[in-house]
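# Coordinates in review
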Amino acid sequence: LQRLVKHPKDTFIINTTLWLGVALPLYFFYEAYSQYTSIRNGNGFIWWRAAIYNIIRIGPMYRHFMYVYVLCHKEAHSYGNLFSEPHNTMFGLRYIYNYYIGFFHGVLPGPFTESHIYNHHKYDNSSDDVYSTGAYPRDSFIEFLRYVYVWFLYALNISSIKKFYAESKMKRVYRSMGGTLYYVAGVAVAWKIVGNQFALFYILYPLIEGNILLSAVNYTWHAFIDPTNHDNDYVNSVTILDGLNFTLDEEYHVVHHQYAGVHWSKNKALFYKHIEDYKKCTATIFKECNLFVIWGMIVAKDYD
């Protein structure tokens with residue numbers, strides 16, 4: 001499979017894409033047909049089918065959703081070049097995660113391909129970052145709920161459109177608007193053809209669920225700030241050594257901000273390349289932790 005991908009360590013993406021891009025969407029459309037038939041026959045919306053679908057869609061220990069999120073992220077940073085040529089162009093695989101697979105899991109085109117690349121990494125969690133965590137005390141569940149609102153404005157491209165417009169980056173404005181309209185059109189078609197309950201529980205629910213999870217992810221990545229040096233990446237971004245239940249070395253988040261476009265397989269080596277810099281400033285490092293457990297400790301003020 002190496003001939004199909006850009007990097008030899010990414011062969012797993014072929015199998016993952018067949019599952020997330022073929023098998024699960026086929027299941028989605030089968031559910032659409034089944035719910036449509038049940039409603040038209042007077043039997044109403046089948047709630048248990050919607051519940052089972054969403055359990056399978058997110059996967060055990062949220063594995064399916066995690067791969068969708070991570071590969072949307074990696075795809076954006078590779079500028080749509082996860083797959084090799086000519087397969088990338090020939091089979092329409094460029095940005096397949098952000099523009100197709102992500103739809104079933106609540107990821108719109110734009111947040112990763114436009115705002116994450118050209119806003120978040122440019123401003124690095126400062127006040128100009130549209131989903132910066134820095135404006136609120138992080139060790140508060142109430143403040144986290146405020147951040148969820150900030151995150152959803154980003155996830156729906158709303159705050160990004162406003163920011164790009166203020167910076168006169170009209171191409172990014174139009175692309176972000178297109179991503180939101182694309183998603184709204186998908187919801188509208190499902191609403192019209194199958195029904196409002198199907199659109200709500202098969203499309204809008206994954207959007208709400210997924211972005212609450214993603215807001216907690218980013219809240220944790222950037223929960224800490226060096227009070228004497230607000231630009232200190234070693235404190236501002238969290239590193240988790242031997243992290244649990246995540247993938248593709250996303251836990252080396254300092255490395256990701258230092259080398260945003262580098263392939264994930266180099267993250268560990270780049271961490272050790274700068275190990276003395278981590279030591280100098282008491283960097284934010286956890287070991288053998290789950291990201292969501294760290295989030296829980298933060299909002300619960302569990303400092304010990």
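Procedures and definitions
- Residues numbered from 1 in each chain as written.
- Predicted model: local features only at pLDDT ≥ 70, side-chain atom pairs only at ≥ 80, totals over all residues.
- Heavy atoms only, no water.
- UniProt positions renumbered as here; feature names shortened; annotations may be inferred.
- Helix = DSSP H or I, 4+ residues; strand = E, 2+ residues; numbered from the N terminus.
- Salt bridge = Lys/Arg side-chain N within 4 Å of Asp/Glu carboxyl O.
- Buried < 20%, exposed > 50% of the residue type's maximum accessible area, 1.4 Å probe, protein only.
- Expected span 1.5 Å × (residues − 1).
- Contact = heavy atoms within 4.5 Å.
- Phe/Tyr/Trp six-rings, centres within 6.5 Å; stacked < 30°, edge-to-face > 60°.
- Lys NZ or Arg CZ within 6 Å of the ring centre and 35° of its normal.
- Axes fitted to C-alpha atoms, helices over the stretch in contact; angles between N-to-C directions.
- Parallel < 35°, antiparallel > 145°, perpendicular 65-115°, else oblique.
- Nonpolar A, V, L, I, M, F, W, Y, C, P; charged D, E, K, R; others polar.
- Polar contact = N/O pair within 3.5 Å; in protein donor to acceptor, adjacent residues only side chain to side chain.

Per an unreviewed UniProt entry, the recorded name for the chain is Fatty acid desaturase domain-containing protein, and the organism is Fragilariopsis cylindrus CCMP1102.

### With respect to the UniProt feature "transmembrane region" (unreviewed entry) in the chain
As recorded in UniProt, the sites labelled "transmembrane region" (unreviewed entry) are residues 12-30, 144-161 and 181-205. When the span residues 144-161 is considered, its composition is 89% helix and 0% strand, and the gap between its end C-alpha atoms is 23 Å. The span residues 181-205 is 92% helix and 0% strand, and its two end C-alpha atoms sit 18 Å from each other.

### Focus on the pattern of salt bridges
Counted according to the given criterion, the structure contains twelve salt bridges. A salt bridge links Glu209 to Arg57; the nearest nitrogen and oxygen atoms lie 2.6 Å apart. With Glu209 in helix α10 (residues 196-221) and Arg57 in helix α2 (residues 47-58), this residue pair connects regions lying 152 residues apart in the sequence. On the accessibility criterion, Glu209 (16% relative accessible area) is buried. Owing to a relative accessible area of 1%, Arg57 belongs among the buried residues under this scheme. A network of salt bridges, in which partner residues are shared, links Glu114, Arg172 and Arg175.

### With respect to helix α9 (residues 170-193)
The end-to-end C-alpha distance of α9, which contains 24 residues, comes to 34 Å, matching closely the 34 Å that a straight helix rising 1.5 Å per residue would cover. Residues of α9 that are buried include every one of Arg172, Val173, Ser176, Gly179, Thr180, Tyr183, Gly186, Val187 and Ala190, and no others. The inward-facing, buried residues of α9 contact α6 (111-123), α8 (158-166) and α10. Count one or two residues on from α9 and you reach Gly195, which has phi positive near 145 degrees.

### Observations concerning the environment of Lys280
With respect to the helices and strands, Lys280 occurs in helix α14 (residues 275-280). By relative accessible area, Lys280 is classed as exposed at 69%. Sequence separation between Lys280 and Tyr234 is 46 residues, and the spatial gap between their C-alpha atoms is 9.5 Å.

### Some words on the environment of Phe65
As for its placement among the helices and strands, Phe65 is situated in helix α3 (residues 63-77). What makes Phe65 buried here is its relative accessible area of 5%. Put simply, Phe65 and Tyr149 are 84 residues apart on the chain and 21 Å apart in space, counted from C-alpha to C-alpha. Those residues in contact with Phe65, other than ones at most four positions away along the chain, are Arg57, Ile58, His105, Gly210, Leu213 and Leu214.

### Observations regarding the packing of aromatic side chains
All told, the structure shown has 33 aromatic pairs when counted by the stated rule. Relative to Trp47, the ring of Phe45 has its centre 5.0 Å away and its plane inclined at 80 degrees; by these criteria the two rings are edge-to-face. The class of Trp47 is partly exposed, set by a relative accessible area of 47%. Aromatic pair Phe271 and Tyr278: ring centres 4.7 Å apart, planes at 65 degrees, arrangement edge-to-face. Cation over ring: Lys163 sits above Tyr123, and NZ or CZ is 5.4 Å from the ring centre.

### Section: the UniProt feature "domain: Fatty acid desaturase" (unreviewed entry) in the chain
Those places that UniProt annotates as "domain: Fatty acid desaturase" (unreviewed entry) correspond, in this numbering, to residues 59-280. Between the C-alpha atoms that bound residues 59-280 there is a distance of 40 Å. The span itself is 60% helix and 1% strand.

### Thoughts on the packing of helix α1 (residues 12-40) against α2
Their axes nearest at 11 Å, the elements α1 and α2 cross at an angle of 175 degrees. What the angle tells us is that α1 and α2 run roughly antiparallel. Within the contact between the two elements, α1 uses Leu24, Tyr27, Phe28, Tyr30, Glu31, Ser34 and Gln35 and α2 uses Arg49, Ala50, Ile52, Tyr53, Ile56 and Arg57. The residue makeup of the contact of α1 with α2, split by class, is eight nonpolar, two polar and three charged.

### Examining the side chain of Asn88
Structurally, Asn88 can be placed in helix α4 (residues 87-90). Using a relative accessible area of 1% as the deciding quantity, one classes Asn88 as buried. One polar contact links Asn88 to Asn81, side chain to side chain, over a distance of 3.4 Å.

### Quick word on unusual backbone geometry
In this structure, the amide linkage connecting Glu85 to the following residue, Pro86, adopts the cis form with an omega of 5 degrees. Along the chain, the position of Pro86 falls in the loop between α3 and α4. One non-glycine residue, Tyr95, lies in the positive phi region at around 60 degrees. Tracing the chain through its elements places Tyr95 in the loop between α4 and α5 (96-99).

### Quick look at α2
In a regular helix each residue adds 1.5 Å, so twelve residues correspond to 16 Å; α2 covers 17 Å between its end C-alpha atoms and thus fits that length. On its buried side, α2 packs onto α1, α3 and α10. Where α2 ends, the next residue or the one after it, Gly59, has phi of about 85 degrees, a positive value.

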